[in-house]
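This is what each chain is made of:
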Amino acid sequence: MRRPMSMWRAAIILLPLSMATLACGGGSLGEGPGPDPKPRVLAAAVRQLVSVDHTFGTGPPPFTEYLLLSSIDPAAGHVGSNQDSPTRPLTAGERDAIAAAVAPFGPSRWIDDPERWRSEDLRPTIEGAVIIGVGEPEISDTSALVPMSLWCGGTCGTWLTYRVELVDGSWQVVGTEGPIAIS
């Protein structure tokens, strides 16, 4: 007859497994590199763009709503479209991380086609809104490059690429790489 496992014995077996999962980034204690750093890398870049580099100087961002592109933006990081750049839908984890990064600044919604959300004069169709796009991040160990775009009108936008690094277990923007365009 087999005896059921005691609570203490189960805890002794599960504790090392739980700690290993957290250490590899699978839990919530740290942001470490984890199995897929893309969600955390994208969230760090979006947070920087929305809270600091929103093109309206110092202070809080002026936007009333954040229209988030649901796929990788081939135009992120540079002015104009780059049809040769690969695109793909953002994963559920990437979308959750980006939405959480924007949440402190206002409401957001996911959009598929930015052209459908621009008026004839190139402003977002929702007064005071901004369209945010992320490019495919290039990640190597503890460093990443993340192309970004922010569009709030025909003469209101920015395109840049952030350098994001793993600092003390958290992905943080440490600067930009390459050209920056502001309209």
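These numbers were taken from a predicted model, which means no experiment stands behind them.

S.K.: What is the right way to read the packing of aromatic side chains from this model?
M.R.: To describe a pair of aromatic rings, you give the distance between the ring centres and the angle between the ring planes. As enumerated under the stated definition, the model contains three aromatic pairs in all. Considering the side-chain rings of phenylalanine 56 and phenylalanine 63, the 5.7 Å spacing of their centres and the 80° angle between planes classify their relative orientation as edge-to-face. Under the relative-accessibility criterion, phenylalanine 56 is labelled partly exposed at 43%. Here the aromatic rings of phenylalanine 63 and tyrosine 66 are separated by 5.9 Å at their centres, their planes lie at 80°, and the arrangement is edge-to-face. Each member of the pair, phenylalanine 63 as well as tyrosine 66, carries the same accessibility label: buried. Above the ring of tryptophan 151, the side-chain terminus of arginine 118 is found at 4.3 Å from the ring centroid.

S.K.: Where do I start with the state of the cysteines in this structure?
M.R.: Between two cysteines, a covalent bond joining their sulfur atoms is known as a disulfide. Applying the stated criterion across every chain yields a total of one disulfide. Between the sulfur of cysteine 152 and that of cysteine 156 lies a disulfide, 1.6 Å long from S to S. The sign of the -65° torsion about the S-S bond sets the cysteine 152-cysteine 156 disulfide as left-handed. The pair formed by cysteine 152 and cysteine 156 is uniform in burial state, with each residue classed as buried.

S.K.: Looking at this structure, how should I read helix α2 (residues 38-51)?
M.R.: For the α-helix, the turn length of 3.6 residues means that residues three or four positions removed from each other point alike. In this model α2 runs 20 Å from its N-terminal to its C-terminal C-alpha over 14 residues, within 8% of the 20 Å that 1.5 Å per residue would give. α2 sits mainly inside the fold: ten of its 14 residues count as buried. The set of residues buried in α2 consists of Pro39, Arg40, Val41, Leu42, Ala43, Ala44, Ala45, Val46, Leu49 and Val50.

S.K.: Would you take a moment to explain the side chain of glutamate 65 for this structure?
M.R.: By the secondary structure assignment, glutamate 65 is in strand β1 (residues 65-69). Residue classification places glutamate 65 among the buried positions, given a relative accessible area of 12%. For glutamate 65, the contacting residues outside a window of four places in its chain are Pro107, Ser108, Arg109, Ile126, Gly128, Ala129 and Val130.

Rules used in this analysis
Residues numbered from 1 in each chain as written. Predicted model: local features only at pLDDT ≥ 70, side-chain atom pairs only at ≥ 80, totals over all residues. Heavy atoms only, no water. Phe/Tyr/Trp six-rings, centres within 6.5 Å; stacked < 30°, edge-to-face > 60°. Buried < 20%, exposed > 50% of the residue type's maximum accessible area, 1.4 Å probe, protein only. Lys NZ or Arg CZ within 6 Å of the ring centre and 35° of its normal. Disulfide = S-S within 2.5 Å. Helix = DSSP H or I, 4+ residues; strand = E, 2+ residues; numbered from the N terminus. Expected span 1.5 Å × (residues − 1). Contact = heavy atoms within 4.5 Å.

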